[in-house]
Each structure stands twice: as C-alpha cells, then as structure tokens.
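The lines below spell out each chain.
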Amino acid sequence: METNILYTHKSLVEKSKLGDRNAQYKLYELYVDAMYNISMRMMHIKEDAEDVVQDSFIEAFNNLSSFRYESTFGSWLKRIVINKSINQLKKKKIPVVPIEDQMYHIKEDAEDIPSEIDIKNIIKGIRLLPSGYQQIINLYLIEGYDHVEISEILEISPSTSKSQYHRAKKKLIEIVKTL
Amino acid sequence: MDNFEKYIKENKALFDVHKADKSKLWENIESGLNKPESKTKTIKLWSNPLFKVAATVIIALGVFSIINISLVSGANNSIQNNVALQELNDINSHYKGLIAYQVKLVNKNTQLSPEEKKEFLSFMDELDIEYEILKEELQKNVDTERVLEAVVINYKKRIELIENLLEQINSSKKLDNDDAYTL
C-alpha cells in the first residue's frame, strides 16, 4: 500500500522527466495551489510566495531525474518549497527560529485548550506570533513534519525544535483565546 | 497529541485559503524549464574541419561521377531501356490475355476439386514471382534480350501448364463418356 502512495502520478512524473510539457503542466496544476498556500503561510507576501513557487517548480522539473520515489512527488516538491521559503526569509533577515528575547515565559499550567475554535482565528493567531514561532507551528502542525525533519529544515537540534514548538503552541493558544 | 493539535490536523484543508494565479505562474515557470531532451544523440562531426574537407571531396566526386555516367551512358541506356520496356509491354499484352482466359477456364471447370485448383494456381503464383524478378532484371540493364526471352519462356510455361491440365481434364471426360456408352 505504502509503495502505491509513493508512486502517485508515476506516469506523469516519468513523462515529465523526459521533458513532456503537457505532463509537467498537469503535475503543476495538481500541486500549484497546495504549494502556493505553503509558501504564503511562511512568506505572507503574495509576490514573495509566487517567486518561491515558480522557482520551486522550475527546480523540481529541471532536476526531476534525481527524484527516485523515496517519497511522494508531492512531499518532494513541498520540501523544495519549504527550503526555498526558509532561504528567502533568511535573506530578508526574518528570523526562522525564535530568538531568545522573543521567547515567552509561560506558566506550565497555562495549557487550557479550547475544544473547538474557529480555524480563521487560528490562522489569525499564527500571524500574530513572532516569525520564529510561526515557522515551527506551520511546519509541525500544518505541514505535518516531525521534530527530526524540522531540525533538518531549520538547522536546529530536534530537542530545540520540540521545546520551541511547545512554547509556540502555548503562545498561540493564549492569543487565540483573546480573539 | 492533544485536542488542539488533533483539531488542527483534522481541519488542515481549511488552512489553504489562497488561490494561485495559475496561468501567470506557469508562464514564468515554462520560460525557466530546460528544453525537452532530443531522443537521438547528435554527433557533431561537422565541428572537425577535417570532416568538412572530406565531405566536400566526397560530395564533389559523387556529383562528378553521377553527371559523367548519365552523360556518357545515359543517352544510350535510356533508348535501350525504352525499347526493352516497349517490348515487355508487347509481350505482356499478348500473353496476359491468353493466360487470363485459360485460368478462367480452369476455375470454371467443375471436374476439378478446389484443392486441385489451388495446387495448380500456386504453380502460377511461382511463375508470377519469377516474372517479377525478370522485370527487375530488365530495369537493371543486364542483357535485355536474354531477359525478354526468359519472360517469354515464363509465359509459355504457364500456357503449357494450363493446356496440359485442360487436356487431362478433357481426356478424362472422354473416358467418362465412353464408360457411359458401354454401360
């Protein structure tokens, strides 16, 4: 079953490897919105997100021969988008990991989690977090990466990723409660 | 995983609130893509000046010899060829009608079983193949007279075959008839 998932859109991927423009467009159509949303969550600026998505697709198609179905095409592409987004943020000197001064000191018993919150408020809440916290929340909660993967993406240790995620989550819940 | 995390993971799709400008993005992507690989590998011989010289010499020699051959022997050959073809046409028109008529007779004959007819016609097919080969020989400008003779022999063989067959049938008919009288 797992192998089947890895080979999702195999024929389109194989044709794209040979430079078939139609197949490349079909793959693009299937993934562009998802990739654009990932980048928008990280970059927040439309033009920046568009640049990241364009560059990611170009890099993906031009280097498709190196894609060997070790993951799905979607997650391979997503990783390119995330890496490019992180690089862009770094270039713009926007912190991708929380800096000491920004760290919130939250009481351990503060975790009073509301059962159902409006997703719109969560989206708004994430936007109100410091940039470093935003990325870790995005990567763990929404993009579904584990702490080992996040540690690779953000070049931090897995334990740092874990502790910072917990801080970020607590802050997010605090913010959301006020909305 | 706590309830908050669970809730977000279950509603992941709701976080995708943006729509990409597909055509605009594709336009920019397409301009950055590598050209499709050509399926056949091209070996650039022409980049070597030695090959250029060699090719020019070969082409020049080729053109010269073609012109030479066509000028010297072209005129003669074309006349000869025309005559040979004319002759072949004459032979064809003379014998083809004859053979077609006789084949028809064989086909119509009720005395022969379908297998016998098939066997007989397969002989004819063999002669057809021989005829095609002869026709090709004629175009190659080999000894035209001998080839034409062979064509005529080929036709004659067919006629002979058919005549023999028809004779056999007729004689057996006569025999049958004689038998009928004696009875």
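Note on numbering: residues in each chain are counted from 1, in written sequence order. The order in which chains are written sets their letters, starting at A; the order in which ligands are written sets their numbers, starting at 1. A pLDDT threshold of at least 70 governs which residues receive local features in this predicted model, and a stricter bar of 80 or more applies before side-chain atom pairs are shown or counted, although totals over entire chains, interfaces and linings include all residues. Computation of side-chain values: all heavy atoms of the structure, hydrogens and water removed.

Glancing now at the pattern of salt bridges. Every case where a carboxyl oxygen of Asp or Glu lies within 4 Å of a side-chain nitrogen of Lys or Arg is listed as a salt bridge. This structure, assessed with the given rule, holds 15 salt bridges over all chains. The partner of B:Glu30 in a salt bridge is A:Arg21, with the nearest N and O atoms 3.7 Å apart. Of this pair, B:Glu30 sits in helix H2 (residues 22-32) while A:Arg21 sits in helix H3 (residues 21-43), each in a different chain. For A:Lys92, the salt bridge is made with A:Asp48, and the minimal N-O distance between the two is 2.3 Å. Pair noted here: A:Lys92 is in the loop between helix H5 (73-91) and helix H6 (119-128) and A:Asp48 is in helix H4 (residues 46-62), with a separation of 44 residues, a long-range link. Taking the relative accessible area as the measure of exposure, A:Asp48 reaches 16% and is therefore buried. Salt bridges sharing partners connect three or more residues here, namely A:Arg41, A:Lys78, A:Glu143 and B:Asp16. Only runs of H or I of at least four residues qualify as helices and only runs of E of at least two qualify as strands under DSSP, and these elements are numbered from the N terminus. The classification of residues rests on relative accessible area computed with a 1.4 Å probe and restricted to protein chains. Under 20% of the type maximum is buried, over 50% is exposed, and intermediate values are partly exposed.

A few words now on unusual backbone geometry. Residue and element names in this part refer to chain A. Backbone geometry at His-9 places phi at a positive 60°, although glycine is not the residue there. Following the sequence through the fold, His-9 ends up in the loop between helix H1 (2-6) and helix H2 (10-17). In this structure, Lys-93 takes a positive phi of about 60° despite not being glycine. When you line up the elements, Lys-93 lands in the loop between H5 and H6.

A few words now on the confidence of the model for chain B. As a per-residue measure, pLDDT tells how confident the predictor is, with possible values from 0 to 100. For chain B, mean pLDDT is 76; residues scoring 70 or higher make up 79% of the total. For chain B, per-element mean pLDDT is lowest for helix H6 (residues 144-182) of chain B, which scores 72, and highest for H2(B), which scores 93.

We now examine the side chain of A:His147. Residue and element names in this part refer to chain A. With respect to the helices and strands, His-147 occurs in helix H8 (residues 147-154). For His-147, a relative accessible area of 10% corresponds to the buried category. Looking at His-147, its side chain comes within polar contact range of the side chain of Ser-161, at 2.7 Å. Residue contacts are counted whenever heavy atoms from the two residues lie within 4.5 Å of one another. For His-147, the residues in contact, after removing those within four places along its chain, are Tyr-140, Pro-158, Ser-161, Lys-162 and Tyr-165. Whenever two N or O atoms come within 3.5 Å, that pair is a polar contact, provided that in protein one can donate a hydrogen and the other can accept it, and provided that, for residues adjacent in sequence, both atoms are side-chain atoms.

If you look at the interface, chain B gives 29 residues, while chain A gives 42 residues. Buried area is understood as the total, over both parts, of accessible area removed when two parts are fitted together, assessed with a 1.4 Å probe. Of all residues in chain B, B:Phe4, B:Tyr7 and B:Phe15 give up the largest surface area on contact with chain A, accounting jointly for 22% of the area buried on that side. Here chain B and chain A share six salt bridges between them. Across the salt bridge formed by A:Asp33 and B:Lys19, the nearest N and O atoms sit 3.2 Å from each other. For the pair chain B and chain A, the interface holds 15 residue pairs in polar contact (both at pLDDT 80 or more). Contributing elements (two or more residues each) for the side of chain B that touches chain A: helix H1 (3-10) and H2 of chain B.

On to the nonpolar core. Grouping buried Ala, Val, Leu, Ile, Met, Phe, Trp, Tyr and Cys residues that are joined through side-chain atoms within 4.5 Å yields what is termed a nonpolar core. Core analysis: the largest hydrophobic core is formed by 64 residues, its most contacted members being A:Phe57, A:Phe61, A:Phe73, A:Ile122, A:Ile137 and A:Leu154. Among the elements that line this core, the one with the most residues is H3(A), at 11 residues. Residue-level mapping places this core at the junction of two domains, with at least three residues from each of domain 1 (2-91) and domain 2 (100-178) of chain A. Those residues within four positions of A:Phe73 in sequence are excluded, and the remaining contacts are A:Val13, A:Leu27, A:Tyr31, A:Phe61, A:Leu64 and A:Phe67. B:Ile91, B:Leu112, B:Leu148 and B:Val151 belong to the second-largest nonpolar core, a separate cluster that totals 24 residues. Segment limits for the domains were obtained from an automatic or database-derived domain assignment.

This next bit is on the packing of H2(A) against H3(A). Residue and element names in this part refer to chain A. Every axis in this analysis is a line fitted to C-alpha atoms, fitted for helices over the stretch in contact. Angles between the N-to-C directions lie between 0 and 180 degrees. Where H2 meets H3, the closest approach of the two axes is 8 Å, and the angle between their N-to-C directions is 130°. Accordingly, the angle class assigned to the pair H2 and H3 is oblique. The crossing of H2 and H3 is left-handed. Contacts from Leu-12, Val-13, Lys-15 and Ser-16 of H2 reach H3 at Ala-23, Gln-24, Lys-26, Leu-27 and Leu-30. Classification convention: Asp, Glu, Lys, Arg as charged; Ala, Val, Leu, Ile, Met, Phe, Trp, Tyr, Cys, Pro as nonpolar; all other residues, Gly among them, as polar. Here the residues of the contact of H2 with H3 are counted per class, giving five nonpolar, two polar and two charged. Oblique is the label for any angle not covered by the other classes, which are roughly parallel (under 35 degrees), roughly antiparallel (over 145) and roughly perpendicular (65 to 115). Helix crossings fall into two classes, left-handed where the near helix is turned counterclockwise from the far one by less than a right angle and right-handed where it is turned clockwise.

Within the secondary structure layout, B:Asn92 lies in helix H4 (residues 74-108). Filtering out sequence-adjacent residues up to four positions away, B:Asn92 remains in contact with B:Tyr131 and B:Tyr155.

Looking now at the layout of surface pockets. Only protein atoms enter the 1 Å grid, on which a cavity is a set of points fitting a 1.4 Å probe that cannot get out and a pocket is an open set with protein on both sides within 12 Å along at least 5 of 7 lines, lining residues being those with an atom within 4 Å of a point. Grid points are joined across faces, edges and corners, and a volume is the space filled by probe spheres set on the points. In this structure, the largest pocket spans a volume of roughly 270 Å³. What lines the largest pocket is a set of 14 residues, and nearest its centre among them are A:Ala34, A:Ile38, A:Lys78, A:Glu143 and B:Asp16. Breaking the lining of the largest pocket down by element, the ones donating at least two residues are H3 and H5 of chain A. Looking at the lining of the largest pocket element by element, the count peaks at five residues for H3(A). Residue composition of the lining of the largest pocket, by class: six nonpolar, three polar and five charged.

Two elements in contact, H3(A) and H2(B), have axes whose closest approach is 11 Å; the angle formed by their N-to-C orientations is 135°. In terms of their interaxial angle, H3(A) and H2(B) are classed as oblique. By crossing handedness, the relation of H3(A) to H2(B) is classed as right-handed. Residues A:Arg21, A:Gln24, A:Tyr25, A:Tyr28, A:Glu29, A:Val32 and A:Asp33 of H3(A) pack against B:Lys22, B:Leu25, B:Trp26, B:Ile29 and B:Glu30 of H2(B). Each residue belonging to the contact of H3(A) with H2(B) can be placed in one class, and the counts come to six nonpolar, one polar and five charged.

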